[in-house]
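Topology and contacts: notes
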Amino acid sequence: MLTAVRNQIRISLLTTKYALVREMLNKATFFMNIVFMILNDASFIIQWVILYSIQDGIGGYNLKQVLLLWGLAAGTFGFSRFFFYRAFNLSEIINNGKLDSYLVQPKNVLLSVITSDVSTSALGDIFYAYIMAFIYKCSITNILLFTFFIITGGLILVSISVILSSLSFWFQKADMIAETGVSLMTSFATYPDGIFKGAVKILFYTLLPVGFVNYIPVGILSEFRLEYLILVFVVALFFIVLAFVVFYRGLHRYSSSNLMISKI
Amino acid sequence: MKAVRNIDFSVEKGEMVAFIGPNGAGKSTTIKMMTGILYPTKGSINVLGFDPTKNRRKLAYEIGTVFGQKEQLWTHLTPYDNFKFFGAIYDIPDYAVEKKIEELKELFELGDFINIPVRNLSLGQRIRCEIVASLIHEPKILFLDEPTIGLDPVVKENIRSLIKRMNKEYKTTVFLTSHDVGDIEKLCSRVIIINNGQVVLDDSMENLKYHYLNKKIVEAKMREKVNLEDEDGITILKDKGYNLKIEVDTEKRTVADALKLLNPDNIIDINISNVPLEDIISSIYRKGDKS
């Protein structure tokens with residue numbers, strides 16, 4: 001069992017490496033993608049700096065906490081799209097019957113598919129995330145905790161995308177649901193949770209778990225609470241397990257295709 | 001919609017079986033069920049002692065697949081790096097992969113291009129690499145789905161002889177689907193024909209030819225026009241005055257009878273041939289459609 005897990009991780013890392021090598025064939029484009037993503041992320045912060053110059057404290061957050069929130073949002077987004085890029089177009093892969101080559105390999109199908117490509121611009125998000133983390137508080141504990149939340153949050157994002165995309169096994173237009181779900185999570189992740197009330201807030205801790213991806217982690221990084229840290233870990237684990245269950249349930253309904261496909 | 005119904009067959013170790021049928025007959029669906037890609041709604045499949053629906057991963061270690069229309073290789077990597085990657089997928093230790101690559105490099109004559117990125121290779125070279133990639137883990141069965149699609153005749157011939165050599169060397173069972181009669185005729189000793197999701201013929205290549213080759217095609221160039229009409233055992237396929245093409249059913253009439261009808265003194269040139277295997281297969285497909 002342990003060997004199988006180790007071999008699976010080895011393959012996933014090897015695939016990520018080869019996908020990265022492919023992206024780096026054009027070095028200029030590769031670096032431009034990263035730099036422009038950092039600039040793109042930074043441009044949003046300007047709006048917040050202006051807002052905070054008018055009013056101090058929005059939704060219970062000070063400016064540094066907003067920077068941290070953006071750091072976490074960019075970090076989880078970047079981590080999920082760099083290591084698990086194909087989780088975000090899984091619907092298209094299922095609909096077009098592109099799972100065949102993974103199904104004939106003796107590896108975990110879901111992991112093999114979602115790790116089979118990388119997004120280079122996501123590296124820009126990750127770099128940006130750490131710049132924000134350092135601005136917030138430059139300490140080893142802080143950076144370690146921040147990294148932990150990027151991983152748990154990224155994995156929750158990936159899981160949500162896998163769960164929603166797996167609906168494609170049952171009906172065709174599930175790609176729109178997956179796209180909407182993930183983009184809603186990403187959008188809400190950049191606003192202080194204090195501005196949301198009532199039912200929307202419940203949504204953030206259930207169907208669209210932005211709370212566990214961003215809000216609770218911001219709280220823990222501001223004031224450490226072990227029980228919340230454990231809660232985030234357990235919730236991440238829950239969504240990961242759910243993603244595997246839904247995907248493998250759906251896989252029984254996979255219908256493949258005879259399209260001409262090349263691995264690019 | 002049911003793609004296949006009541007398909008039942010077994011394959012012996014080391015056999016080279018052609019699994020053929022017209023488009024939409026259910027070939028790919030059957031192969032995909034046998035390799036664990038698709039789940040059948042009913043029935044049972046046993047491949048090398050494994051149920052593909054329950055033991056997909058275990059089965060994957062024992063089978064290799066080449067889908068001519070779907071590439072498995074990373075195009076920016078060299079064949080060598082791809083083979084190493086496939087070795088890792090099948091958990092083969094590095095030294096064993098190296099040894100296997102060396103062996104297959106010789107067998108499939110990859111020496112000239114093993115270190116050139118796959119995207120720069122010709123289609124024929126790529127297909128050879130695809131086959132080698134699927135053999136890295138020494139599979140007991142190789143599923144080949146249209147392995148020579150899009151290749152020129154010379155390359156096709158080359159691929160066929162390499163597959164034959166591989167079968168001889170490793171005793172790998174080959175399960176082939178192809179629309180190319182040359183692939184079937186030159187590689188396989190047994191043919192399973194499927195149509196409308198059902199097996200319509202399961203026989204040895206020898207028997208197929210023996211039973212269906214009871215017709216001869218006679219093409220003759222005549223000195224004078226001959227007025228010939230269809231009669232028992234003789235069918236006029238083409239009559240262009242001086243050029244005739246007739247089909248003789250040798251169970252009813254001999255070829256000599258047919259020649260007598262033409263008058264041997266009137267014949268300038270003659271060609272007597274078997275019905276092409278392609279036509280035999282097409283007629284079996286058509287029979288399947290009618291039934």
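This text follows the structure it describes.
Residues numbered from 1 in each chain as written. Chains lettered and ligands numbered in written order. Predicted model: local features only at pLDDT ≥ 70, side-chain atom pairs only at ≥ 80, totals over all residues. Heavy atoms only, no water.

1. A few points about the overall build of chain A
Applicable threshold: A run of H or I in DSSP becomes a helix once it reaches four residues, and a run of E becomes a strand once it reaches two; helices and strands are each numbered from the N terminus. Atoms counted for the radius of gyration: C-alpha only. Globule rule: 2.2 Å times the number of residues to the power 0.38. Contacts are assigned to residue pairs that have any heavy atoms within 4.5 Å of one another. Accessible surface is estimated by sampling points in the Shrake-Rupley manner with a 1.4 Å probe; for residues, cover comes only from the protein chains shown. A residue counts as positive if it is Lys or Arg and as negative if it is Asp or Glu; His and the chain ends are not included. Charge positions come from single atoms, namely NZ of Lys, CZ of Arg, CG of Asp or CD of Glu.
For chain A, the count of helices and strands is 12 helices and 0 strands. Scanning chain A from its N terminus toward the C terminus, one meets helices and strands in the order α-α-α-α-α-α-α-α-α-α-α-α. For chain A, whose C-alpha radius of gyration is 19 Å, the value lies close to the compact-globule estimate of 18 Å for 264 residues. Referenced to the eigenvectors of the C-alpha coordinate spread, the extents of chain A come out at roughly 60 × 45 × 35 Å. For chain A, contacts bridging at least 24 residues in sequence account for 76% of all contacts bridging at least 6. Of the roughly 12400 Å² of accessible surface on chain A, a fraction of 70% belongs to carbon and sulfur atoms. Seen as two clouds, the 18 positive and the 12 negative side-chain charges of chain A have centres 9 Å apart.

2. Considering the interface of chain A and chain B
The cut-off we apply is this: Throughout, the accessible surface (probe 1.4 Å) given up by two parts as they are put together, summed over both, is called the buried area. Just to be clear on terms, a salt bridge is a Lys or Arg side-chain nitrogen sitting within 4 Å of an Asp or Glu carboxyl oxygen. Any N or O atom pair separated by 3.5 Å or less is treated as a polar contact, with the protein-specific requirement of one donor-capable and one acceptor-capable atom, and with residues adjacent in sequence counted only for side-chain atom pairs.
The partner chain B presents 30 residues to the 34 residues of chain A that form the contact. When the two sides are added together, the surface that chain A and chain B hide from each other amounts to roughly 3000 Å², 58% of it contributed by carbon and sulfur. If you look at where chain A meets chain B, you find 2 salt bridges. Residues A:Lys107 and B:Asp91 are paired through a salt bridge, measuring 3.0 Å at the closest nitrogen-oxygen approach. Run the count over chain A and chain B and you get 7 residue pairs in polar contact (both at pLDDT 80 or more). Of all the secondary-structure elements, those providing two or more residues to the side of chain A that touches chain B are helix 1 (2-23) and helix 5 (100-103) of chain A. Here the side of chain A that touches chain B gets 9 residues from one element, more than from any other, and that element is helix 1 of chain A.

3. Topic: the nonpolar core
Within soluble globular proteins, side chains that are nonpolar tend to cluster in buried spots. Here is the rule: Take the buried residues of types Ala, Val, Leu, Ile, Met, Phe, Trp, Tyr and Cys, join any two whose side-chain atoms come within 4.5 Å, and each joined set is a nonpolar core. For every residue, the accessible area (1.4 Å probe, protein chains only) is compared with the maximum for its type, and the residue is labelled buried under 20%, exposed over 50%, or partly exposed between those bounds.
Core analysis: the largest hydrophobic core is formed by 88 residues, its most contacted members being A:Leu99, A:Val162 and A:Phe247. Per element, the largest residue contribution to this core is 11 residues, and it comes from helix 8 (residues 140-165) of chain A. If you look at the next biggest cluster of nonpolar residues, it comprises 67 residues, including A:Ala19, B:Ile114, B:Leu121 and B:Leu201.

4. As for the sheet that holds strand 8 (residues 234-239) of chain B
Picture the strands of a sheet paired through backbone hydrogen bonds; they go either parallel or antiparallel. Residue and element names in this part refer to chain B. The following threshold applies: Two strands make a pair as long as DSSP finds a minimum of two bridges between them. A fitted line through C-alpha atoms serves as each axis, taken over the contacting stretch for helices, and the angle formed by two N-to-C directions is quoted from 0 to 180°.
Spatially, 4 strands are ordered 8-9-7-10 in an open sheet, and the strand pairing comes out antiparallel. Only two strands of the sheet have a single neighbouring strand rather than two, namely strand 8 and strand 10 (267-274). Strand-to-strand twist of the sheet, defined as the mean angle between neighbouring strand axes without regard to direction, takes the value 20°. In this structure, strand 8 lies alongside strand 9 (residues 243-249), joined through 5 bridges in antiparallel fashion. For Lys 238, the partnering residue across the bridge sits in strand 9 and is Lys 245. Seen against the sheet, helix 9 (residues 255-262) touches strand 7 (215-222), strand 8, strand 9 and strand 10 and runs at an angle of roughly 20° to strand 7.

5. Considering the pattern of salt bridges
Residue and element names in this part refer to chain B. A complete count under the given rule lists 22 salt bridges over all chains for this structure. When the shortest N-O distance is used, the salt bridge between Lys 105 and Glu 102 registers 3.3 Å. Here Lys 105 pairs with Glu 102, and both are found in helix 4 (residues 94-107), just 3 residues apart, close to one helical turn. The salt bridge partner of Arg 160 is Asp 183, with a shortest N-O separation of 2.6 Å. In this pair, Arg 160 is assigned in helix 6 (residues 153-170) and Asp 183 in helix 7 (residues 181-187), connecting sequence segments 23 residues apart.

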